[in-house]
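# Chain and residue survey
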Amino acid sequence: ILNVEQSPQSLHVQEGDSTNFTCSFPSSNFYALHWYRWETAKSPEALFVMTLNGDEKKKGRISATLNTKEGYSYLYIKGSQPEDSATYLCAFADSYNTDKLIFGTGTRLQVFP
Amino acid sequence: DGGITQSPKYLFRKEGQNVTLSCEQNLNHDAMYWYRQDPGQGLRLIYYSQIVNDFQKGDIAEGYSVSREKKESFPLTVTSAQKNPTAFYLCASSMLAGYNEQFFGPGTRLTVL
């Protein structure tokens, strides 16, 4: 059974702090790594889909890096804002089942004003 | 507006009854998915479908059934054989292949009394 782990489980930061979380996934048969943001009472929304080793993506204050050889991805948020409060999910797809995503349990971020 | 709708938002059923959860999308996506979320766990895949009249079991298909008679619709039936049906159920859709982000519906919270 493929395992995707996220750390930390939860995080509390002050407005303006920068923060980062980790997603660990199997280092073999990599196909894609997805990041989603899930705000309370809303649907999960895609942030990034990462496909190549060394791939880096950026959207405003949020960026992500990918290391497929060692099986991890980092999500960074620069200058956290209260509206960044959400659960951040990563999901892994391997090359044998490219349409099946294996989700981690998520990192719950709370940003205090 | 394009998107995914799930109904109802909350559903209560007596133990031993089958119940069907609705999922409709107007994004013209080929692939559709059903996930289950339980406290402290990541999203787990129940069933997915890549094309009309075809679907595959996910990791926790036992006690569930689906149909895909139309591209837009992918209903999930929770049968009486599902031992622990109380959970939050999310439907998603995407263009084919794991490079494409998944779009999620608002979810249905099922409580079996």
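A brief structural summary. These numbers were taken from a predicted model, which means no experiment stands behind them.

A few words now on the overall build of chain A. On a plain count of helices and strands, chain A comes out with 0 helices and 11 strands. When its helices and strands are written in sequence order, chain A yields β-β-β-β-β-β-β-β-β-β-β. Seen through its principal axes, chain A has C-alpha atoms that stretch 45 × 30 × 20 Å. Of the contacts made within chain A by residues no fewer than 6 positions apart, 54% connect residues no fewer than 24 positions apart.

Looking now at the pattern of salt bridges. Inspection of every chain in the model, using the stated rule, returns 6 salt bridges over all chains. Here Lys100(A) and Asp59(B) are joined by a salt bridge, their closest N and O atoms 3.3 Å apart. Of this pair, Lys100(A) sits in the loop between strand E9 (86-94) and strand E10 (102-103) while Asp59(B) sits in the loop between strand E6 (54-57) and strand E7 (64-66), placing the two residues on different chains. Taking relative accessible area as the criterion, Lys100(A) reaches 15% and is therefore assigned buried. Between Asp38(B) and Arg36(B) there is a salt bridge, with the nearest N and O atoms lying 2.7 Å from each other. Across this residue pair, the class does not change: Asp38(B) and Arg36(B) are buried. Taken together, the salt bridges that share partners define one network made up of Arg36(B), Asp38(B) and Arg44(B).

So, about a nonpolar patch on the surface. A cluster of nonpolar side chains, Tyr10(B), Phe12(B) and Leu113(B), forms an exposed patch at the surface whose accessible area comes to about 390 Å². Positionally, Leu113(B) belongs in the segment after strand E11 (108-112).

On the chain A side, the residues contacting the 23 residues of chain B number 19 residues. For the pair chain B and chain A, the summed buried surface comes to about 1,800 Å²; carbon and sulfur atoms form 58% of the total. Connecting chain B to chain A are 1 salt bridge. One can count 4 residue pairs in polar contact (both at pLDDT 80 or more) joining chain B with chain A. Contributions of two or more residues to the side of chain B that touches chain A are made by strand E4 (31-37), strand E5 (44-51) and strand E9 (87-94) of chain B. Grouping the constituent residues of the side of chain B that touches chain A by class yields 12 nonpolar, 9 polar and 2 charged.

This part takes up the sheet that holds strand E1 (residues 4-7) of chain B. Residues and elements named next belong to chain B. Spatial ordering of the open sheet is given by E1-E3-E8-E7, a layout of 4 strands whose pairing is antiparallel. This sheet does not close on itself; its edge strands, each paired only once, are E1 and E7. Neighbouring strand axes in the sheet, compared pairwise and without regard to direction, differ in orientation by 20° on average. Two elements, E1 and strand E3 (residues 19-25), share 4 bridges in a ladder whose sense is antiparallel. Residue Thr 5 lies in a different strand from E3, and its bridge partner there is Glu 24.

All names here are of chain B. Judged by how many residues are buried, E4 sits mostly within the fold: 6 of 7 residues are covered. Here E4 runs beside E9; their pairing, made up of 7 bridges, is antiparallel. Note that in E9 the partner of Arg 36 across the bridge is Tyr 89. Two successive antiparallel strands, E4 and E5, enclose a turn made up of 6 residues, where Gly 40 displays a positive phi of approximately 80°.

Attention now moves to the environment of Met50(A). Residue and element names in this part refer to chain A. As for its placement among the helices and strands, Met 50 is situated in strand E5 (residues 45-50). The spatial distance from the C-alpha of Met 50 to the C-alpha of Trp 35 is 8.3 Å, given a sequence separation of 15 residues. The residues touching Met 50, leaving out its near neighbours within four places in the chain, are Phe 30, Ala 32, Leu 33, Trp 35, Asp 55, Glu 56, Lys 57, Ala 64, Thr 65, Leu 66 and Ser 73.

Residues and elements named next belong to chain B. Mapping Ser 94 onto the fold places it in strand E9. Classification of Ser 94 by relative accessible area gives buried; the value is 1%. The residues contacting Ser 94, other than those within four sequence positions of it, are His 29, Asp 30, Ala 31, Tyr 33, Asn 100, Glu 101 and Gln 102.

Basis of the calculations
Once a new chain begins, its residue numbering starts again from 1 and follows that chain's sequence as written. Labels are handed out in written order, letters beginning with A for the chains and numbers beginning with 1 for the ligands. The predicted nature of this model means local features are confined to residues of pLDDT at least 70 and side-chain atom pairs, given and counted, to a pLDDT of 80 or more, with totals for whole chains, interfaces and linings taken over all residues. By convention in this description, side-chain values take in all heavy atoms of the structure and omit both hydrogens and water. Numbered from the N terminus, helices here are DSSP runs of H or I no shorter than four residues, and strands are runs of E no shorter than two. We call two residues contacting when some pair of their heavy atoms lies within 4.5 Å. We define a salt bridge as a side-chain nitrogen of Lys or Arg found within 4 Å of a carboxyl oxygen belonging to Asp or Glu. Classification of residues uses two cut-offs on accessible area relative to the type maximum, computed with a 1.4 Å probe and protein chains only: under 20% is buried, over 50% is exposed, and between them is partly exposed. Only residues whose relative accessible area exceeds 30% and that form no salt bridge enter a patch; like-charged residues are grouped when within 9 Å of one another, and nonpolar side chains (Val, Leu, Ile, Met, Phe, Trp, Tyr) when within 5 Å. Accessibility throughout is a Shrake-Rupley quantity obtained with a 1.4 Å probe, and a residue counts as covered only by protein chains that appear here. Once two parts are put together, the accessible area they lose, assessed with a 1.4 Å probe and summed over both, is termed the buried area. Polar contact criterion, stated in full: a pair of N or O atoms within 3.5 Å, where within protein one must be able to donate a hydrogen and the other to accept it, and residues adjacent in sequence count only if both atoms are side-chain atoms. Any residue outside Ala, Val, Leu, Ile, Met, Phe, Trp, Tyr, Cys, Pro, Asp, Glu, Lys and Arg is labelled polar, Gly included; the first ten of those are nonpolar and the last four are charged. By the convention used here, strands pair only if DSSP detects at least 2 bridges between them. For every element, the axis is a line fit to its C-alpha atoms; helices are fit only across the contacting stretch, and the angle between N-to-C directions ranges from 0 to 180 degrees.

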